[in-house]
Amino acid sequence: MDRRSIIKNAGIAGVLAAGVAPAVHAQAAVRWRLASSFPKSLDTIYGAAEVMAKAVKAMSGGKFEISVHAGGELVPPFGVVDGVQNGTVEITHTVPYYFYGKNPAFAIGSAIPFGMNARQMTAWMMHGNGRKLMNELYAGYGMTSFAGGNTGVQMGGWYRKQIKSIADFKGMKMRLGGGLVGEVMQGIGAVPQSIPGGEVYQALEKGTIDAAEWVGPYDDQKLGFNKVAPFYYYPGWWEGGPEVDFFVNQKAMDSLSAENKAILETACAMAATDMLAKYDAFNPNALKQLVAAKTKVLPFPNDVLEASFKSAMAVFEANNAKSPEWKKIYADFRNFQRDQVLWFRFAESKFDAFMATRKL
């Protein structure tokens, strides 16, 4: 009796007894490549992609695998969106504001100066209009997005010389993470430099730049910035809660089964939660070690914050005029943030301020 006769004349029990697997359950193995914008040495931010890939493999029983490649292995760190667009890779793990030059609105999907903190950003993305609006933008580049992590509020960077007032930024060559904050920094006199994370130490050591920001104590200590710049400032007002994202080629996404789509989305959510938890867990001890190694940890003078805020507002207004996508998304972002600031003022901020004065 041939296979078709077996299937025709037997129930499912008969099919299984005959050793014939139903065709509807057959699913081809899926193999994707992920291009990261980050170096392998950063187990927090780069590691989130590995957490995601490991979860995808486990949940799919090995039928869906994603190989993770550090920045520069497959495509340049700042070329990953182009790689996803043209199908060189199916997925990337990166920070949207790196692609400010494509459209200013990219930055709103990660962090803008004096924007939201990590919890507020997640709330906007998940229960406001954030993910919907950003994916409308990304659709124009043949991509969709999923949250891929958050660092929490970052530090304000490493400086070779002490910052005493806003005047100290005049002519300062500073490595910054994106074009938006670069424009804001230009407004206070700095000269922004765009350098991948893996190259920042050498530039700071050689004096090619005067200052550099990266993330926070845990990552910064790994990169050794304290060895070449003694002054460490806070807060990183340009990154109050920067979201890191997974960008997925839309055609590749559409080709997945419903099961694999659910697996991918779940794995991305796991990685996003894990990244922020790691930063919150690891930063305190790293900061203590940096201080023990004679790092001078200082707050920005108030005139620096005031001038930076004024410069940021001017850049945002200019973006409203030149990018309709920015104008639409930014208005929604700020409306959501106003309510978040109000709520945090009555609960989180007061609680945190009090606890900071207690001896535990």
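Everything quoted here is computed from the prediction, not taken from an experiment.

With that settled, consider the side chain of Glu213. By secondary structure assignment, the location of Glu213 is in the loop between β8 (211–212) and α9 (217–223). Under the relative-accessibility criterion, Glu213 is labelled buried at 0%. Of the polar contacts made by the side chain of Glu213, one reaches the side chain of Arg175; its length is 2.7 Å. Engagement of the side chain of Glu213 in a polar contact is seen with the side chain of Trp238, the distance being 3.5 Å.

With that out of the way, let us pick up the pairing of strand β9 (residues 231–234). Note: strand β5 (residues 157–159) against β9, 3 bridges, orientation antiparallel. Note that in β9 the partner of Trp158 across the bridge is Tyr232. Across 4 bridges, the pairing between β9 and strand β11 (residues 296–299) is parallel. Looking at the pairing, Tyr232 lines up with Val297 of β11.

Now for the packing of aromatic side chains. Summed over all chains, the structure comprises 24 aromatic pairs. Both rings, one in Phe169 and one in Phe300, keep their centres 6.3 Å apart while their planes meet at 50°; by these two values the pair is tilted. With Phe169 in the loop between β5 and β6 (173–175) and Phe300 in the loop between β11 and α12 (302–322), the pair connects residues that are 131 residues apart, well separated along the chain. One exposure class covers both Phe169 and Phe300, and it is buried. By way of ring pairs, the aromatic residues Phe78, Tyr97, Tyr98, Phe99, Phe106, Tyr138, Tyr141 and Phe247 are connected into one cluster.

Direction vectors running N to C along helix α5 (residues 118–127) and helix α13 (residues 324–346) enclose 130°, while the axes themselves pass 10 Å from each other. Considering the angle they form, α5 stands oblique to α13. Of the two elements, α5 crosses α13, and the hand of that crossing is right-handed. Side by side, α5 and α13 meet where Arg119, Gln120, Met121, Ala123 and Trp124 of the first sit next to Ile329, Asp332, Phe333, Phe336, Gln340, Val341 and Phe344 of the second. Here the residues of the contact of α5 with α13 are counted per class, giving 8 nonpolar, 2 polar and 2 charged.

Along the chain, Leu256 falls in the loop between α10 (250–255) and α11 (258–292). Its relative accessible area of 7% is what places Leu256 among the buried residues. Discounting chain neighbours no more than four positions away, the residues touching Leu256 are Val30, Trp32, Phe64, Lys261 and Leu264.

Here the focus is the pattern of salt bridges. In the structure shown here, the tally under the stated rule is 12 salt bridges. Its salt-bridge partner being Lys40, residue Glu73 comes within 3.4 Å of it at the nearest N-O pair. Highlighted residues: Glu73 in the loop between β2 (64–69) and α4 (80–85) and Lys40 in the loop between β1 (30–36) and α3 (47–59), separated in sequence by 33 residues. Here Arg119 makes a salt bridge to Glu348, at a shortest N to O gap of 2.9 Å.

Let us now look at the packing of α13 against helix α14 (residues 348–355). At a minimum axis separation of 3 Å, α13 and α14 run at an interaxial angle of 40°. Here α13 lies oblique to α14, going by the angle between them. Facing α13, whose interface residues are Phe344, Arg345 and Phe346, α14 presents Glu348, Ser349 and Lys350.

Rules behind the numbers
- Residues numbered from 1 in each chain as written.
- Predicted model: local features only at pLDDT ≥ 70, side-chain atom pairs only at ≥ 80, totals over all residues.
- Heavy atoms only, no water.
- Helix = DSSP H or I, 4+ residues; strand = E, 2+ residues; numbered from the N terminus.
- Buried < 20%, exposed > 50% of the residue type's maximum accessible area, 1.4 Å probe, protein only.
- Polar contact = N/O pair within 3.5 Å; in protein donor to acceptor, adjacent residues only side chain to side chain.
- Pairing = 2+ DSSP bridges.
- Phe/Tyr/Trp six-rings, centres within 6.5 Å; stacked < 30°, edge-to-face > 60°.
- Axes fitted to C-alpha atoms, helices over the stretch in contact; angles between N-to-C directions.
- Parallel < 35°, antiparallel > 145°, perpendicular 65-115°, else oblique.
- Left-handed = near helix turned anticlockwise from the far one by under 90°.
- Contact = heavy atoms within 4.5 Å.
- Nonpolar A, V, L, I, M, F, W, Y, C, P; charged D, E, K, R; others polar.
- Salt bridge = Lys/Arg side-chain N within 4 Å of Asp/Glu carboxyl O.

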